[in-house]
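Structural overview
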Amino acid sequence: MADWVQRQVAKAPPWSDEKFRAMQELLGPPPRPAEFVRWRVRLYCGHVRDVRRSRGQERPAGGITDHERCRECGLDPSVIVAFEPLVGDG
Ligand SMILES: [Zn+2]
């Protein structure tokens, strides 16, 4: 499914500046970095990663975000089994 979406998006013609601006207005401004919280998560495969979540989330796991693709071993999805917030850097 994700591959199909990527193929369809790749086929789409590039947007004009006007269309891009209209879409930006529709979606509102992009989230600022201050609206994100960073977490250090331990994945099911045993590897540790830093991830970013919006500030409103009380934990990095839950719903569609309870797993990550592991960049180290490639396990996808790898379920988040433990996490701690990262403070001070960002
Ligand atoms: Zn891994």
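Below is a short write-up of the structure. Values in this document were obtained by computation on a predicted structure and should not be read as measured data.

Time to look at the overall build of the protein chain. The helix and strand inventory of the protein chain stands at two helices and four strands. Secondary structure of the protein chain in N-to-C order comes out as α-α-β-β-β-β. Scaling as 2.2 N^0.38, a compact globule of 90 residues should have a C-alpha radius of gyration of about 12 Å, whereas the protein chain reaches 17 Å, well beyond that. Reported as C-alpha extents along the three principal axes, the dimensions of the protein chain are approximately 45 × 30 × 20 Å.

Before going further, it helps to examine the pattern of salt bridges. Pairing is possible between side chains that carry opposite charge, provided their charged atoms lie close to one another. Inspection of the entire model under this criterion finds four salt bridges. For Arg38, the salt bridge is made with Asp50, and the minimal N-O distance between the two is 3.3 Å. Placement of Arg38 in strand β1 (residues 36-43) and of Asp50 in strand β2 (residues 48-54) is noted, with a sequence separation of 12 residues between them. Between Asp50 and Arg40 there is a salt bridge, with the nearest N and O atoms lying 2.8 Å from each other. Of this pair, Asp50 sits in strand β2 while Arg40 sits in strand β1, placing them 10 residues apart in sequence.

Right, let's talk about the environment of Gly74 for a bit. Note on placement: Gly74 falls in the loop between β3 (67-68) and β4 (78-86). Judged by its relative accessible area of 37%, Gly74 is partly exposed. Sequence separation between Gly74 and Cys45 is 29 residues; the distance between their C-alpha atoms is 9.5 Å.

Relative to β4, β1 runs antiparallel, the two sharing six bridges. Along β4, the bridge assignment pairs Arg38 with Leu86. Two strands pair when backbone bridges link them, and β3 and β4 are joined in this way by two bridges, in the antiparallel orientation. Within β4, the position partnered with His67 by the bridge is Val79.

Bringing the coordination of the zinc ion into the picture now. Surrounding the zinc ion are the protein donor atoms Cys45 (SG), His47 (ND1), Cys70 (SG) and Cys73 (SG), at 2.0 to 2.3 Å. In this structure, the zinc ion is surrounded by four donor atoms whose angles at the metal cover 102 to 119°, and the resulting shape is tetrahedral. Within one chain, the residues donating to the zinc ion are spaced in sequence as C-x1-H-x22-C-x2-C. With His47 in the loop between β1 and β2 and Cys73 in the loop between β3 and β4, the pair connects residues that are 26 residues apart, well separated along the chain.

How each quantity is defined
- Residues numbered from 1 in each chain as written.
- Predicted model: local features only at pLDDT ≥ 70, side-chain atom pairs only at ≥ 80, totals over all residues.
- Heavy atoms only, no water.
- Helix = DSSP H or I, 4+ residues; strand = E, 2+ residues; numbered from the N terminus.
- Rg over C-alpha atoms; globule rule 2.2 N^0.38 Å.
- Salt bridge = Lys/Arg side-chain N within 4 Å of Asp/Glu carboxyl O.
- Buried < 20%, exposed > 50% of the residue type's maximum accessible area, 1.4 Å probe, protein only.
- Pairing = 2+ DSSP bridges.
- Donors = N, O, S within 2.8 Å, 3.2 Å for Na, K, Ca; no water.
- Tetrahedral: all angles 85-135°; square planar, octahedral: opposite > 155°, others 65-115°.

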